[in-house]
Amino acid sequence: MTDRFANGDKTNDIVKNYRDTTCNRNDKFSRHGGDLKGVQNQLSYLNELGVTTLWLTPVNENDMPLMNEWGNKVAGYHGYWFTDHYEVDKRFGGNEAYQNLSKAAHARGMKIIQDAIYNHIGSYHWIALDPPSDDWLNSSQGKNPPHHREEVFFDPYAAEQDKRQMLDGWFVPHLPDLNQRNRDVARFLIQYSIWATEEYGVDGWRVDTYKYNEESFLNEINTCLLREFPSLTVFGESWVTTPLANAYFTRNNVKTPFAHNAEGMLDFQNCFAMISAAKEEAGWSTGVVKLYLTLAQDVLYADPMKNCIFLDNHDMDRVYSVLGEDWSKMRMVYNWLFTLRGMPQLYYGTEVLMKNFKVNTDATVREDFPGGWPEDDRSKNLFLKESRNLLQQGSFDYISKLANFRKTSSALTQGRLMQYIPQNGLYLYFRYSPLQTIMVITNAGKEVVSPNWDRYSERIKGFSKARDVITGTIIELNSFQLKPGESYVMELLK
Ligand SMILES: [Ca+2]
Ligand SMILES: [Ca+2]
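Everything quoted here is computed from the prediction, not taken from an experiment.

**Examining the overall build of the protein chain**
In terms of regular secondary structure, the protein chain is built from 15 helices and 17 strands. Relative to the compact-globule value of 23 Å for 494 residues, the protein chain shows a C-alpha radius of gyration of 23 Å, a close match. Along the three orthogonal principal directions, the C-alpha set of the protein chain runs to about 70 × 60 × 40 Å. Considering the protein chain as a whole, with its 494 residues, one finds that 59% of them fall into the buried category. Partitioning the contacts of the protein chain with sequence separation of at least 6, the portion at a separation of at least 24 is 72%. As displayed, the protein chain offers around 20700 Å² of accessible surface, 50% of which is attributable to carbon and sulfur atoms. Distance between charge centres in the protein chain, computed from 53 positive and 62 negative side chains, equals 5 Å.

Printed below as a string of structure tokens:
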């Protein structure tokens, strides 16, 4: 979240001819001055953490006045209120700063994911202020907002009216909904996306509010992008309720009248399952069993490895708070995030245990990264190792070890997954390739456990030891015990 990460250029904090000329770090709804130069300045930090790719919340211009949202005056600091597709917001440094960041990231072998919004625009976009024709916007004008029930697309009993409301309803009155059935609207969005991919060297697109877009349009824009850029990554974002719903919006194995073609989705179901697994007691369908059950439903996906998995994001409570600031639970979810199928996504600040719940607003989970502003106290600058406390440094190191290990691990990047039914809270899965076997073992139960290795012989056969990926310690499998709450990522050795 560029506005909240680091301020690399104080001169662009306020741009005089924009509609909102406020910038106030004491107001959580205001802009805070973070920018693309700030992100660029921290590429070494991100590199050390093991980050390979940057997903920025949208960089496009948001020249909107402060808007009323739930009784607050809110700025478009988050980037989701486009007013001009072809301009990067000048408060982020404009087109040039985005070019520079992209070049600097690529020079380090890092990649850029851009956040796309095809569904809506800000109410001060030129398309809304002066529409080329009456049918560029869907017409329900906020009177019938979408009901958010994605079931209408695959429910065999759904009513057409319910479906249209989902597609055409305006999120809120200041986010006009684009009519992608209009060929010019579709062409505008496709041409912009191809242009931006080329212009900025975009490596992938995260497509916001995926489930609210005209379905045939989504397939068309994905096809057009991949035809121009065959190695591009595209994944959708939809906060959905079931694995079936998530699979519906990507390539899948389900017979429905419409077949989506996106490579993958942000996997909310996997997120909720990992959180439950760390938080709840294991029962018939709770705790680690929920994670087991959720993964078993991967049968729905054509390729579950293309999903993007995560613990939290800018719309959610921060995971460290959700898990009660419990380090052993954090270790569990980190182990799963970096070893399960799919591409792991980490929200800024999670690595240094930033905390908070959403309290009537998302702004509380979008706080400034400590040390990202020139005026910040150096002793609290968490970009610097010497300013982090033991827990923060422990978390940073843990992620850095896992993420960097993952980069060259054939089992984690290309290997298969095998999981075993959890027993009394003991949950094991394996990632394995012809060259490597990784065991991820968690004791979410209440007793000390010595695993019965015979049960896991399909994957354990031929191995007698394991190396802890984090500490490097080598253990003998036969004498290995786990205390309650312990979780390890281990590479099996002969
Ligand atoms: Ca700035
Ligand atoms: Ca829509």
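**Thoughts on the pattern of salt bridges**
Under the definition given, this model contains 32 salt bridges. Of the charged contacts, one joins R4 and D3 as a salt bridge, the two residues approaching to 2.9 Å between their closest N and O atoms. By relative accessible area, which is 1% here, R4 ends up buried. Of the charged contacts in the structure, one is a salt bridge between D362 and R366, with a shortest N-O distance of 3.2 Å. You can call D362 partly exposed: its relative accessible area is 24%. By relative accessible area, R366 is classed as buried at 5%. Taken together, the shared-partner salt bridges in this structure form one network comprising K10, R25, D368, E375 and D376.

**Considerations on helix α7 (residues 215–228)**
The terminal C-alpha atoms of α7, which comprises 14 residues, lie 21 Å apart, in line with the 20 Å expected from a rise of 1.5 Å per residue. Taken as a whole, α7 has its buried residues at E215, F217, L218, N219, I221, N222, C224 and L225.

**Concerning the pairing of strand β6 (residues 111–116)**
For β6, the tally of buried residues reaches five of six residues, placing the bulk of the element in the interior. In this sheet, β6 lies alongside strand β1 (residues 53–55) in parallel orientation, the contact comprising three bridges. Looking at β6, one finds that L54 is bridged to I112. Summarising the sheet, β6 and strand β7 (residues 204–207) pair through four bridges and their orientation is parallel.

**Some remarks on the domain arrangement of the protein chain**
Domain assignment breaks the protein chain into domain 1 (2–411) and domain 2 (417–493). Relative placement of domain 1 and domain 2: their C-alpha centres are 33 Å apart. Domain 1 puts 24 residues into the contact, and the matching count from domain 2 is 28 residues. Roughly 2300 Å² of surface becomes buried between domain 1 and domain 2 when both sides are summed, with 64% attributable to carbon and sulfur atoms. Sorting the residues of domain 1 by area buried against domain 2 places Y292, F405 and A411 first, and these three jointly supply 27% of that buried surface. Taken together, the links from domain 1 to domain 2 amount to one salt bridge. Notably, a salt bridge pairs K446 with E281, separated by 3.3 Å at the nearest N-O pair. Elements that contribute at least two residues to the side of domain 1 that touches domain 2 include exactly α10 (288–296), α12 (327–339), α13 (390–407) and α14 (410–413). Taken together, the residues of the side of domain 1 that touches domain 2 sort by class into 15 nonpolar, five polar and four charged.

**Focus: the packing of aromatic side chains**
Tallied over the full model, the rule gives 35 aromatic pairs. Taking the centre distance of 5.4 Å and the plane angle of 45 degrees together, the rings of Y45 and F396 count as tilted. Pair noted here: Y45 is in helix α2 (residues 43–49) and F396 is in helix α13, with a separation of 351 residues, a long-range link. Exposure class is identical for Y45 and F396. Each is buried. Counting every residue linked through ring pairs, the aromatic cluster contains Y86, Y98, W126, W136, F188, Y192, W195 and Y200. The side chain of R331 reaches across the aromatic face of Y488, ending 5.9 Å from its centre.

**Thoughts on the coordination of the calcium ion (ligand 2)**
Only N119 (OD1), L167 (O), D177 (OD), D177 (OD) and Y212 (O) from the protein reach the calcium ion (ligand 2) as donors, at distances of 2.3 to 2.7 Å. Here the donor residues of the calcium ion (ligand 2) are spaced in sequence according to N-x47-L-x9-D-x34-Y. In this pair, N119 sits in the loop between β6 and α4 (126–129) while Y212 sits in the loop between β7 and α7, placing the two residues 93 residues apart along the sequence.

**Overview of the coordination of the calcium ion (ligand 1)**
Distances from the calcium ion (ligand 1) to its protein donors, N7 (OD1), D9 (O), N12 (OD1), D13 (OD), G33 (O) and D35 (OD), fall at 2.3 to 2.5 Å. Around the calcium ion (ligand 1), the six donor atoms sit at angles spanning 65 to 164 degrees, and that spread fits a shape best called irregular. Coordination of the calcium ion (ligand 1) draws on donor residues from a single chain, spaced N-x1-D-x2-N-D-x19-G-x1-D in sequence. In this pair, D13 is assigned in the segment before α1 (36–41) and D35 in the segment before α1, connecting sequence segments 22 residues apart. With a relative accessible area of 0%, D35 lands in the buried category.

Reading guide: rules and limits
Residues numbered from 1 in each chain as written. Chains lettered and ligands numbered in written order. Predicted model: local features only at pLDDT ≥ 70, side-chain atom pairs only at ≥ 80, totals over all residues. Heavy atoms only, no water. Helix = DSSP H or I, 4+ residues; strand = E, 2+ residues; numbered from the N terminus. Rg over C-alpha atoms; globule rule 2.2 N^0.38 Å. Buried < 20%, exposed > 50% of the residue type's maximum accessible area, 1.4 Å probe, protein only. Contact = heavy atoms within 4.5 Å. Areas by Shrake-Rupley, 256 points an atom, 1.4 Å probe, with all protein chains shown as cover. Lys, Arg positive; Asp, Glu negative; His and termini not counted. Charge placed at Lys NZ, Arg CZ, Asp CG, Glu CD. Salt bridge = Lys/Arg side-chain N within 4 Å of Asp/Glu carboxyl O. Expected span 1.5 Å × (residues − 1). Pairing = 2+ DSSP bridges. Domains from an automatic or database assignment. Buried area = accessible area lost by both parts, 1.4 Å probe. Nonpolar A, V, L, I, M, F, W, Y, C, P; charged D, E, K, R; others polar. Phe/Tyr/Trp six-rings, centres within 6.5 Å; stacked < 30°, edge-to-face > 60°. Lys NZ or Arg CZ within 6 Å of the ring centre and 35° of its normal. Donors = N, O, S within 2.8 Å, 3.2 Å for Na, K, Ca; no water. Tetrahedral: all angles 85-135°; square planar, octahedral: opposite > 155°, others 65-115°.

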